[in-house]
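Breakdown of the fold
The primary structure of each chain is shown beneath.
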Amino acid sequence: MKRRAIRDEALFFERNPERLRRQGFQLPPLDAPAVDPATILPQNALRSELPDYPDLTEMEIVQHFHRLSQLNYAVDEGLYPLGSCTMKYNPRINEQTARLVGLAAAHPLQPVEQVQGCLRLIWELEQALIAITGMAGVTLQPAAGAHGELAGILMIRKALEARGDARDVVLVPDSAHGTNPATAAFAGYETIELASGDDGTVDLEELDRLMTDRVAGIMLTVPNTLGVFEHRIVEISKLVHDRGGLIYMDGANLNAFAGRALPGLMGADAMHINLHKTFSTPHGGGGPGAGPVVVSEALVPHLPVPRVVKAGERFTLVEDDAASIGAMRGFYGNFLILVRALTYIRSLGSDGLRQMSDVAVLYANLIRRRLANAYHLPYDSPTLHEVVFDDTRQTANDVHNTDIAKRLLDYGFHPPTMSFPLIVHGALMIEPTESVSPDEIDIFCDAMLAIAKEAGENPEFVRTAPHDTPVSRVDEVRAARKLKVRWTAD
Ligand SMILES: *Cc1c(COP(=O)(O)O)cnc(C)c1O
């Protein structure tokens, strides 16, 4: 069941210098007159002696750096079950289109006549996102989900101000992603936390009590961070709208229902979409992201500028508009991420997108079914695209979620998201995504079951994991606060 052993190795500089005297290259004898560097370079740029660099063969260098590169875990290696993050495989065709010279080498300052194709691509992606969500308008500018949240909340603020009804509170459920309250606070709102009901969804009575005329809106994740669908979403939207508030929907979990349900029909006024989650473009260390925001009719006038406008077969830009919140980012946003997303949407088509969500949900339920006898499920509600367990059963043996996550490294997997959502103590939040094979899901579940067994039979072994990784258990606080990212000779 174990995967490839990962071998750590010393840097070349740390090895015995006597073993680093190899010939790394072969050049033919010089057939041009030799030039004395002192005759062409300034005196202070000349070295008097050469530093003691190691000398190696090409293959040693390639293999060394290749092995170092493999100390990282990556989606190309296997299941990357980080809940909420949707770490799905990025099909190579996305990379090929993003590297087409006409797209990759286009300059954002080129006159619009020269970039009609790029503008058309932006416009087509906008139409696709509007169709997928059933909303009225969209901006592709924001650079990531959290940035999209800010754009959305600023549009909500602008709409309320335009109505002469500026408000000062935003409601955020206790299961929300941390970026939600942070966004509301950053936009100048007071946040009030909304406690979840027993099934993990919004408590309507609590909402009724808190939804006063001070409340600008609610930030709601659908499905929420427990992977549970807000099944009363239409009632929630109605209640908030009836009292003059607007609905911000956190769409980071669109992977659970794209092609199956429309946020436009759920009553959303603004929703960000993480192209780097649902639409497969790489994220995290893999590159920049994009967080388009789709909006309802009420917010269309307040969309950021510049906006791409289609007039006949030509595309132009609208630069200023008094009702707009202004620019959220330079130029068109992260353009090549948009190229990747459109490629992905086009290569799947609408049936493919529906299948994507179906399989994501199926896999999460497969994991739920296989692990439910070994790990505690804090909420019994139906699971969509991610499943949240906790460590209640293992803490009886003093084994905690961190220990389980560390032991998983020995089995060759990236750990799931830990200790989030905050309403679940000792959470292990697993999101498989649709992009792995069923065999991979099985191997992952086998590993999780083996760890549950180990936690009962030999808890100390799990508590001291990982055992087979190049670096064993680290001091988490020191590892985060005292980073050592540069090699020094001491
Ligand atoms: C990832 C995520 C965000 C933030 O998106 P970024 O692109 O990381 O800024 C917000 N809400 C939820 C539920 C998320 O999963």
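Relevant structure appears above.
Predicted, not measured: the structure shown is a model, and the values here were computed from it.

In this section: the sheet that holds strand β10 (residues 387-390). Pairing is antiparallel in the open sheet, where three strands are placed in the order β10-β12-β11. For this open sheet the edge positions go to β10 and β11 (417-418), each flanked by a neighbour on one side alone. Strand direction decides the pairing type here: β11 and strand β12 (residues 427-430), joined by two bridges, are antiparallel. Within the sheet, the bridge partner assigned to Thr-417 lies in β12 and is Met-429.

Attention now goes to helix α11 (residues 335-371). Here α11 contains 37 residues, and its C-alpha end-to-end distance of 41 Å is more than 12% below the 54 Å for a straight helix at 1.5 Å per residue. Its axis deflected by about 100° at Gly-349, α11 carries its strongest bend there.

Turning next to the packing of aromatic side chains. Taken as a whole and judged by the stated rule, the model has five aromatic pairs. Cation over ring: Lys-310 sits above Trp-123, and NZ or CZ is 4.9 Å from the ring centre.

Let us now look at the side chain of Arg-340. You can see Arg-340 is positioned in helix α11. Setting aside residues up to four positions removed in sequence, Arg-340 forms contacts with Asn-94, Glu-95, Ala-98, Arg-99, Thr-281 and Pro-282.

Another point: the pairing of strand β9 (residues 314-318). Direction of pairing for strand β8 (residues 307-311) relative to β9: antiparallel, over a ladder of five bridges. Opposite Val-309, over in β9, you have Thr-316 as the bridge partner. Taking the residues that link successive antiparallel strands as the turn, the β8-β9 hairpin has two residues, and the phi of Gly-312 there is positive, at about 65°.

Moving on, we come to the packing of helix α6 (residues 145-162) against helix α7 (residues 179-186). Close contact between α6 and α7 brings their axes to 9 Å; oriented N to C, the two are set at 45°. Taken together, the axis directions place α6 and α7 in an arrangement best described as oblique. The handedness of the crossing between α6 and α7 comes out as right-handed. Judged by residue contacts, Ala-146, Glu-149, Leu-150 and Ile-153 of α6 engage Thr-179, Asn-180, Thr-183 and Phe-186 from α7. Here the residues of the contact of α6 with α7 are counted per class, giving four nonpolar, three polar and one charged.

Of all hydrophobic cores here, the largest spans 61 residues; its most connected members are Leu-125, Leu-129, Leu-207, Leu-275 and Phe-279. The dominant element in this core, judged by the number of residues it contributes, is α11, at 11 residues. Once you skip the residues sitting within four places of it in the chain, Phe-279 turns out to touch Leu-129, Ile-132, Leu-254, Ile-273, Asn-274, Ala-341, Tyr-344, Ile-345 and Leu-353. With 31 residues, the next largest nonpolar core counts Tyr-73, Leu-408, Ala-450 and Val-462 among its residues.

Let us now look at the site of the ligand. The immediate surroundings of the ligand are formed by 13 residues, with Ser-84, Gly-145, Asp-250, His-276 and Lys-277 found nearest. Separating an oxygen atom of the ligand from a backbone N or O atom of Gly-145 is a distance of 2.8 Å. One of the side-chain nitrogen or oxygen atoms of Lys-277 is found 2.7 Å away from an oxygen atom of the ligand. Protein burial of the ligand: of its 380 Å² of free accessible surface, 87% is covered by the chains. Ranked by residues supplied to the shell around the ligand, first place goes to α6 with three residues. For the shell around the ligand, the residue count by class is three nonpolar, seven polar and three charged.

One open sheet accounts for seven strands, arranged β1-β7-β6-β5-β4-β2-β3; its pairing is mixed. Strands at the two margins of the open sheet, each flanked by one partner only, are β1 (137-139) and β3 (190-194). Within the sheet, the average angular offset between the axes of one strand and its neighbour, ignoring direction, is 20°. Both strand β6 (residues 270-272) and strand β7 (residues 293-295) contribute to a ladder of three bridges, which runs antiparallel. Bridge pairing links Ala-270 to Val-295 in β7. Strands β2 (169-173), β3, β4 (215-221) and β5 (246-250) of the sheet are contacted by α7, whose axis makes an angle of about 155° with β4. Those strands touched by helix α9 (residues 233-242) are β4 and β5, and its axis lies near 140° from that of β5.

Moving on, we come to empty space enclosed by the protein. Across all of its chains, the model carries two cavities of 30 Å³ or more by this definition. The calculated volume of the largest cavity comes to roughly 60 Å³. Among the residues forming the lining of the largest cavity, the class breakdown is seven nonpolar, two polar and one charged. Its volume calculated, the second largest cavity comes out at about 40 Å³. The wall of the second largest cavity is formed by Pro-173, Ser-175, Ala-176, Asn-180, Met-219, Leu-220, Thr-221, Asn-224, Thr-225 and Glu-230. Take the lining of the second largest cavity: its biggest share by element is three residues, from β4.

Criteria and thresholds
Residues numbered from 1 in each chain as written. Predicted model: local features only at pLDDT ≥ 70, side-chain atom pairs only at ≥ 80, totals over all residues. Heavy atoms only, no water. Pairing = 2+ DSSP bridges. Helix = DSSP H or I, 4+ residues; strand = E, 2+ residues; numbered from the N terminus. Expected span 1.5 Å × (residues − 1). Bend = angle between axes of the 7 residues up to and from the residue. Phe/Tyr/Trp six-rings, centres within 6.5 Å; stacked < 30°, edge-to-face > 60°. Lys NZ or Arg CZ within 6 Å of the ring centre and 35° of its normal. Contact = heavy atoms within 4.5 Å. Axes fitted to C-alpha atoms, helices over the stretch in contact; angles between N-to-C directions. Parallel < 35°, antiparallel > 145°, perpendicular 65-115°, else oblique. Left-handed = near helix turned anticlockwise from the far one by under 90°. Nonpolar A, V, L, I, M, F, W, Y, C, P; charged D, E, K, R; others polar. Core = buried A, V, L, I, M, F, W, Y, C linked by side-chain atoms within 4.5 Å. Buried < 20%, exposed > 50% of the residue type's maximum accessible area, 1.4 Å probe, protein only. Near = heavy atom within 4 Å. Polar contact = N/O pair within 3.5 Å; in protein donor to acceptor, adjacent residues only side chain to side chain. Areas by Shrake-Rupley, 256 points an atom, 1.4 Å probe, with all protein chains shown as cover. 1 Å grid on protein atoms, 1.4 Å probe; cavity = no way out; pocket = protein on both sides within 12 Å on 5 of 7 lines; lining within 4 Å. Points joined across faces, edges and corners; volume = space filled by probe spheres on them.

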